[in-house]
Amino acid sequence: MGLGGLQHYTIEPSDLERTKDFYCDVLGLENGDRPPLDFPGYWLYSGGAATVHLMGTRKPREGIVVRGTEKKYEDTGRLDHIAFAATDVEGMRKRLQSKGVKFRESIVPRTGDTQFFLYDPDGVGVELNFPKN
């Protein structure tokens with residue numbers, strides 16, 4: 001038995017709308033189809049796949065720790081960052097700058113690829129990887 005590719009990651013943001021706007025308006029993901037679940041949220045798509053799931057307030061269920069009940073989220077725990085393959089380094093640089101989003105830029109040794117590192121509204125790290133042209 002082997003694992004396939006990563007399907008999605010889920011964030012329980014402190015502000016659902018603000019986080020959706022960040023991933024859609026700043027990074028360019030698309031808000032798309034989501035099953036009729038019993039809690040608010042969004043599925044955000046990248047390249048046709050629901051890559052980022054955002055979960056709003058949920059009712060506590062046995063065996064599930066829900067924000068606002070037993071556990072308090074002061075940071076993102078052990079998660080450091082999530083990475084996306086990206087294109088149009090100049091366009092994304094201008095987009096981030098125009099929206100006032102702080103980011104760090106670096107060049108990968110040996111490959112020459114460009115990377116941007118930034119944070120979403122809850123401090124989840126986001127890495128954008130642009131292949132060298």
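Cut-offs used in this document
- Residues numbered from 1 in each chain as written.
- Predicted model: local features only at pLDDT ≥ 70, side-chain atom pairs only at ≥ 80, totals over all residues.
- Heavy atoms only, no water.
- Phe/Tyr/Trp six-rings, centres within 6.5 Å; stacked < 30°, edge-to-face > 60°.
- Helix = DSSP H or I, 4+ residues; strand = E, 2+ residues; numbered from the N terminus.
- Buried < 20%, exposed > 50% of the residue type's maximum accessible area, 1.4 Å probe, protein only.
- Lys NZ or Arg CZ within 6 Å of the ring centre and 35° of its normal.
- Core = buried A, V, L, I, M, F, W, Y, C linked by side-chain atoms within 4.5 Å.
- Contact = heavy atoms within 4.5 Å.
- Axes fitted to C-alpha atoms, helices over the stretch in contact; angles between N-to-C directions.
- Parallel < 35°, antiparallel > 145°, perpendicular 65-115°, else oblique.
- Nonpolar A, V, L, I, M, F, W, Y, C, P; charged D, E, K, R; others polar.

The name given to the protein in an unreviewed UniProt entry is Catechol 2,3-dioxygenase-like lactoylglutathione lyase family enzyme, with Bradyrhizobium algeriense as the source organism.

Turning our eyes to something else, we now look at the packing of aromatic side chains. Here the structure, examined in full by the defined rule, presents 4 aromatic pairs. Between Y9 and F84, the ring centres sit 6.5 Å apart and the planes meet at 55 degrees, which makes this aromatic pair tilted. Of this pair, Y9 sits in strand β1 (residues 9–11) while F84 is found in strand β5 (residues 81–85), placing the two residues 75 residues apart along the sequence. Each member of the pair, Y9 as well as F84, is classed as buried. Considering the side-chain rings of F103 and F116, the 4.7 Å spacing of their centres and the 40 degrees angle between planes classify their relative orientation as tilted. Separated by 13 residues along the polypeptide, F103 in the loop between α2 (89–98) and β6 (104–107) and F116 in strand β7 (residues 114–119) bring together distant segments of the chain. Chaining the aromatic ring pairs together yields one cluster made of F103, F116 and F130. In this arrangement the basic side chain of K20 is found over the ring face of Y42, its NZ or CZ atom lying 5.4 Å from the centre. Above the ring of F39, the side-chain terminus of R34 is found at 5.1 Å from the ring centroid.

What follows deals with the nonpolar core. Counting 26 residues, the largest nonpolar core has Y23, L27, V52, L118 and L128 as the members making the most contacts within it. If one sorts the elements of this core by residue count, helix α1 (residues 16–26) sits on top with 5 residues. Residues contacting L27, with those up to four places away along its chain left out, are F22, M92, L96, L118, V126 and L128.

Right, let's talk about the packing of α1 against α2 for a bit. Where α1 contacts α2, the axes come no closer than 11 Å and their chain directions differ by 140 degrees. In terms of their interaxial angle, α1 and α2 are classed as oblique. Taken together, the residues of α2 that come into contact with α1 (itself represented by C24, D25 and V26) are M92, R95 and L96. Partitioning the contact of α1 with α2 into residue classes produces 4 nonpolar, no polar and 2 charged.

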